[in-house]
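Residues per chain are reported as follows:
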Amino acid sequence: MTTTQPPPAHQALLSEVILTHLAGATVQLEDMATERSPGDAMVRIGDDVVGVRLVDDVATLRRLLADAHRQLTRLDRARSRSASSEESAGHRPGPRPPSL
C-alpha cells in the first residue's frame, strides 16, 4: 500500500490522504468507549505500514461505511450495465477491475 499527496485541485484539503494498492489492507475495529464518549469506536483500514483511522460514534461510522457500500454497489452495477450494452452492441469490453 502506498500513500500519495492530494492532486493540486485538492490542496485546500490538507488533511486528505490517498491510499492506493489496497489489496493487502485489512479492516480493524476497536472499541474506544470512555465514560465521556461511551459510543465511540475506531475503524482502521490499512496494512502494517500505513492506514486510515476513522474515530467517531458507532452510528456515524456505520452511516459512513454504509454510504460507501451503497456508492460502490451503484458503481459496480453501472459498470456491469455498461459492459453488457457494449457486448450487445458488438464491442469487446476491456479488462474489468477486481471486485471490492
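That block above? That's the structure.
Enquirer: Before we move on, can you summarise unusual backbone geometry with the specific residues and values?
Expert: Even without glycine at this site, His 21 takes up a positive phi of about 55°. Structurally, His 21 is set in the loop between strand S2 (18-20) and strand S3 (26-31). By relative accessible area, which is 62% here, His 21 ends up exposed.

Enquirer: Could you give me a rundown of the side chain of Arg 44, with the residues and numbers involved?
Expert: Inspection of the secondary structure assignment puts Arg 44 in strand S4 (residues 40-46). We note that Arg 44 is buried and unpaired, the nearest opposite charge coming from Asp 47 at a distance of 5.2 Å. Excluding residues that lie within four positions of it along the chain, Arg 44 makes contacts with Thr 26, Val 27, Gln 28, Val 50, Gly 51, Val 52 and Arg 53.

Enquirer: Which residues make up the sheet that holds S3, and what are the values?
Expert: Spatial strand order, S3-S4-S5: three strands in an open sheet with antiparallel pairing. Looking at which strands have only one partner, the edges of the open sheet turn out to be S3 and strand S5 (51-57). This sheet shows a mean twist of 15° between the axes of neighbouring strands, independent of strand direction.

Parameters at a glance
- Residues numbered from 1 in each chain as written.
- Predicted model: local features only at pLDDT ≥ 70, side-chain atom pairs only at ≥ 80, totals over all residues.
- Heavy atoms only, no water.
- Helix = DSSP H or I, 4+ residues; strand = E, 2+ residues; numbered from the N terminus.
- Buried < 20%, exposed > 50% of the residue type's maximum accessible area, 1.4 Å probe, protein only.
- Lys, Arg positive; Asp, Glu negative; His and termini not counted.
- Salt bridge = Lys/Arg side-chain N within 4 Å of Asp/Glu carboxyl O.
- Contact = heavy atoms within 4.5 Å.
- Pairing = 2+ DSSP bridges.
- Axes fitted to C-alpha atoms, helices over the stretch in contact; angles between N-to-C directions.

These results come straight from atomic positions and should not be treated as a statement about function.
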